[in-house]
Amino acid sequence: MLRNLIENALRHGAEGGEVVVRIYEDARLSVINQGPVVPVPQGLIKRFERGATRAEGSGLGLAIVSKILQQIDATLVLNSPASGRQDGFEATIRFPTA
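Residues numbered from 1 in each chain as written. Predicted model: local features only at pLDDT ≥ 70, side-chain atom pairs only at ≥ 80, totals over all residues. Heavy atoms only, no water.

**Here's the deal with the pairing of strand S1 (residues 19–24)**
Argument step 1. As judged from the six bridges shared by S1 and strand S2 (residues 28–33), these two strands associate in the antiparallel manner. Its bridge partner being in S2, Tyr24 is matched across the sheet by Arg28. (Pairing = 2+ DSSP bridges. Helix = DSSP H or I, 4+ residues; strand = E, 2+ residues; numbered from the N terminus.)

Set out below in structure tokens:
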């Protein structure tokens, strides 16, 4: 699932743009890229949904990630613009805490 998020960030972000992976103490992990704002990012979780991009892909990456996370009681939250920025895309996994 992390591989899918990082590959999506690289593929759909700004060419040559930075991709940042952050791990938080409160059981969250975020993958953030640079690039244009994606309207209605939560809609990209549906199978075969793609944003306005020229990059190759079938629109399954985030659907696969979401399905895996459901099986471990974790959630996927998508934000665009990325938190604290005016651009970019952010995918955050919220893991269950013990």
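This is not the end of the story, as more comes after the structure.
**Structural notes on the side chain of Asn33**
Argument step 1. Its place among the elements puts Asn33 in strand S2.
Argument step 2. Among residues more than four places away in sequence, those in contact with Asn33 are Asn8, Ala9, His12, Gly13, Glu18, Val19, Arg85, Gly88 and Phe89. (Contact = heavy atoms within 4.5 Å.)

**With respect to the pairing of S2**
Regular strands place their side chains on alternate faces of the sheet.
Argument step 1. For S2, the tally of buried residues reaches five of six residues, placing the bulk of the element in the interior.
Argument step 2. Between S1 and S2, which pair antiparallel and follow one another directly, the connecting turn spans three residues, one of which, Ala27, has a positive phi of 70°.
Argument step 3. Looking at chain direction, S2 and strand S4 (residues 89–94) are connected through six bridges and run antiparallel. In the strand pairing of S4, Arg28 is matched with Arg94. (Buried < 20%, exposed > 50% of the residue type's maximum accessible area, 1.4 Å probe, protein only.)

**Comments concerning the pattern of salt bridges**
Argument step 1. This structure, assessed with the given rule, holds three salt bridges.
Argument step 2. Notably, a salt bridge pairs Asp26 with Arg28, separated by 2.9 Å at the nearest N-O pair.
Argument step 3. Given a relative accessible area of 44%, Asp26 falls into the partly exposed group.
Argument step 4. Its salt-bridge partner being Arg85, residue Asp87 comes within 2.9 Å of it at the nearest N-O pair. (Salt bridge = Lys/Arg side-chain N within 4 Å of Asp/Glu carboxyl O.)

**Brief notes about the sheet that holds S4**
Strands pair in a sheet through their backbones, by hydrogen bonds, and they do so in one of two ways: parallel or antiparallel.
Argument step 1. Strand order in the open sheet formed by four strands is S1-S2-S4-S3, and the pairing between neighbours is antiparallel. Sheet topology places S1 and strand S3 (75–79) at the edges, where each strand pairs with a single neighbour. Across this sheet, the average inter-strand angle for adjacent strands is 15°, counted without regard to direction.
Argument step 2. Running at roughly 20° to S2, helix H1 (residues 2–12) makes contact with S1, S2 and S4 of the sheet. (Axes fitted to C-alpha atoms, helices over the stretch in contact; angles between N-to-C directions.)

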